[in-house]
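A look at the structure
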Amino acid sequence: MATDGESISMSVAVAACVAMAVFYVLILYAPTVILRLPSASSHTEFMIRRFICAAICTVASLVFTAFILPIKSWEASVILGVYGIRTDHLWQGVVYPLLLTSLIYASSLVLKLLFFLESWKENGGGCSSFNHISSFVQTIPASVLTGASNVSVWRNFIVAPVTEELVFRACMIPLLLCAGFRIYTAIFLCPVLFSLAHLNHFREMYIRHNRSYLRASLIVGLQLGYTVIFGAYASFLFIRTGTFLALYKLHVTTF
C-alpha cells in the first residue's frame, strides 16, 4: 500500500467501513424516501435508479477512503493502485484466481467435457461438431447486442461487480490493513459487513413479495451464509493479488 508509514486507528477504520456499508444500502432507497420521487413505472426504470445510487455511493466511498488513508502521493497511479486498479502483474492477477476458482466447478466442467465428447462421437466426429461450433460463434454478436440492452445483464455483469467490489473490498481492506488489523481478521470483517449489507433483502422478501417471516428468514439467512463465504474468498484473493480485476473476474465467474 502506498502510504507514508502512518496508520489510522482501528476504531476509525471499522467505523468508516460500517458507514460505507450502511450508506451503500440506504442510498438505494433515496429516490423514494428522501427525494420523494414516485415509484418506478417499470423494472428498467427501477434498476436505472439503483445504478445511479450505487455509482454515487461508490465514488463517495473512493474519495472518502482516499482522504482517510495516509497516502503519500496524490498521483492518479498511486491512488488507483491502492484500490487494486493497476497494470503491473496483470496476467498473474487474472489467470491464477481464475484457475483457482475453476477448481470449485471442476466436477461440472469435467461432466460437460465428457458430455461434449460423447456428443461428438455420436455425431460422427469433426464435421458435425465444427458446424455446431460455427453456429455458436455466429450467434455471439446477436447475443452481445441483446445483452447490451438488457438491464439485468448490466446489473449482474457491470454495476454489481464493480460497485460492490470497489466499496466492500477495494476500499475496506486497505483501511483495515492500514489500521493494523491482521490479514485474516480483515478477511473475516469485510465479508461480515458485505453480508449485513444484504439484510435489506429481508424487507423486500417479507413486505414486497409477501413471504412468511420464517421463509424470508431462511432465504436471507442462506444468502448471508453464501455472501460470507464468497466475501472471505474474494478478500483473500484481493490481498494476495492486489488487483481489482481479480475481484471482478471472481464476481462474474461465480454469478
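Our subject is the structure listed above.
Residues numbered from 1 in each chain as written. Predicted model: local features only at pLDDT ≥ 70, side-chain atom pairs only at ≥ 80, totals over all residues. Heavy atoms only, no water.

**A closer look at the overall build of the protein**
For clarity, the cut-off: Numbering of helices and strands starts at the N terminus; helices are DSSP runs of H or I of at least 4 residues and strands are runs of E of at least 2. Burial classes: relative accessible area under 20% of the type maximum marks a residue as buried, over 50% as exposed, and values in between as partly exposed (1.4 Å probe, protein chains only). Contact between two residues is taken to exist if any of their heavy atoms lie within 4.5 Å; hydrogens are not considered. Throughout, the Shrake-Rupley method with a 1.4 Å probe supplies accessible areas, and for residues the shown protein chains are the sole cover considered.
Within the protein, the secondary structure is distributed over 12 helices and zero strands. The helix and strand sequence of the protein, counted from the amino end, reads α-α-α-α-α-α-α-α-α-α-α-α. Here the protein holds 255 residues, and the buried ones make up 37% of them. The long-range fraction of contacts in the protein, counting pairs at least 24 apart against all pairs at least 6 apart in sequence, stands at 75%. Only carbon and sulfur atoms are counted for the fraction: they give 70% of the accessible area of the protein, which is about 15,100 Å².

**Overview of a nonpolar patch on the surface**
Rules: By definition, no residue in a patch forms a salt bridge, and every one has over 30% relative accessible area; like charges are joined within 9 Å, nonpolar side chains (Val, Leu, Ile, Met, Phe, Trp, Tyr) within 5 Å. The rule for a salt bridge is simple: a side-chain nitrogen of Lys or Arg has to be within 4 Å of a carboxyl oxygen of Asp or Glu.
A contiguous nonpolar surface patch, about 450 Å² in accessible area, is contributed by V110, L113, L114, F116 and L117. By secondary structure assignment, the location of V110 is in helix 6 (residues 106-122).

**Overview of the nonpolar core**
One broad trend across soluble globular proteins is that nonpolar side chains are buried collectively. Threshold: What is meant by a nonpolar core is a set of buried Ala, Val, Leu, Ile, Met, Phe, Trp, Tyr and Cys residues, joined one to another through side-chain atoms within 4.5 Å.
Counting 51 residues, the largest nonpolar core has Y83, F168, M172, L175 and L176 as the members making the most contacts within it. Listed by contribution, the elements that provide at least two residues to this core are helix 1 (10-26), helix 3 (43-68), helix 4 (76-82), helix 8 (151-178), helix 9 (183-196), helix 11 (213-241) and helix 12 (244-253). Among the elements that make up this core, the one with the highest residue count is helix 8 (12 residues). With residues up to four places along the chain from it excluded, the contact list for F168 reads A21, Y24, C190, L193, F194 and A197.

**Looking at the packing of aromatic side chains**
Rules: Two rings from Phe, Tyr or Trp (for Trp, the six-membered ring) form a pair when their centres are within 6.5 Å of each other. A pair whose planes differ by under 30 degrees is stacked, one over 60 is edge-to-face, and the rest are tilted.
Considering all chains together, one arrives at six aromatic pairs under this definition. An angle of 40 degrees between the planes, with centres 6.4 Å apart, marks the rings of F194 and F230 as tilted. Taken together, the residues F194 in helix 9 and F230 in helix 11 connect sequence positions 36 residues apart. For the pair F194 and F230, a shared accessibility class is recorded, and that class is buried. Among the aromatic side chains, those forming a connected cluster through ring pairs are Y24, F168, F194, Y226 and F230.

**Comments concerning the packing of helix 8 against helix 12**
What counts, and what does not: Convention adopted: a line fitted to C-alpha atoms gives each axis, helices being fitted over their contacting stretch, and angles between N-to-C directions are expressed from 0 to 180 degrees. Angular relationships are summarised with four words: roughly parallel below 35 degrees, roughly antiparallel beyond 145, roughly perpendicular across 65 to 115, and oblique for the angles in between. Less than a right angle of anticlockwise turn of the near helix away from the far helix marks a crossing as left-handed, whereas a clockwise turn marks it as right-handed. Each residue is assigned to one of three groups, with Ala, Val, Leu, Ile, Met, Phe, Trp, Tyr, Cys and Pro labelled nonpolar, Asp, Glu, Lys and Arg labelled charged, and all others, Gly among them, labelled polar.
In contact at an axis separation of 9 Å, helix 8 and helix 12 are set at 130 degrees when each is read in the N-to-C sense. With respect to their mutual orientation, helix 8 and helix 12 come out oblique. Our pair here, helix 8 against helix 12, has a crossing hand that is right-handed. Contact with helix 8, carried on its side by F157, I158, A160, P161, V162, E164, E165, L166 and R169, involves F244, L247, Y248, H251 and V252 of helix 12 and no other residues of that element. Considering only residue class, the contact of helix 8 with helix 12 consists of 10 nonpolar, one polar and three charged.

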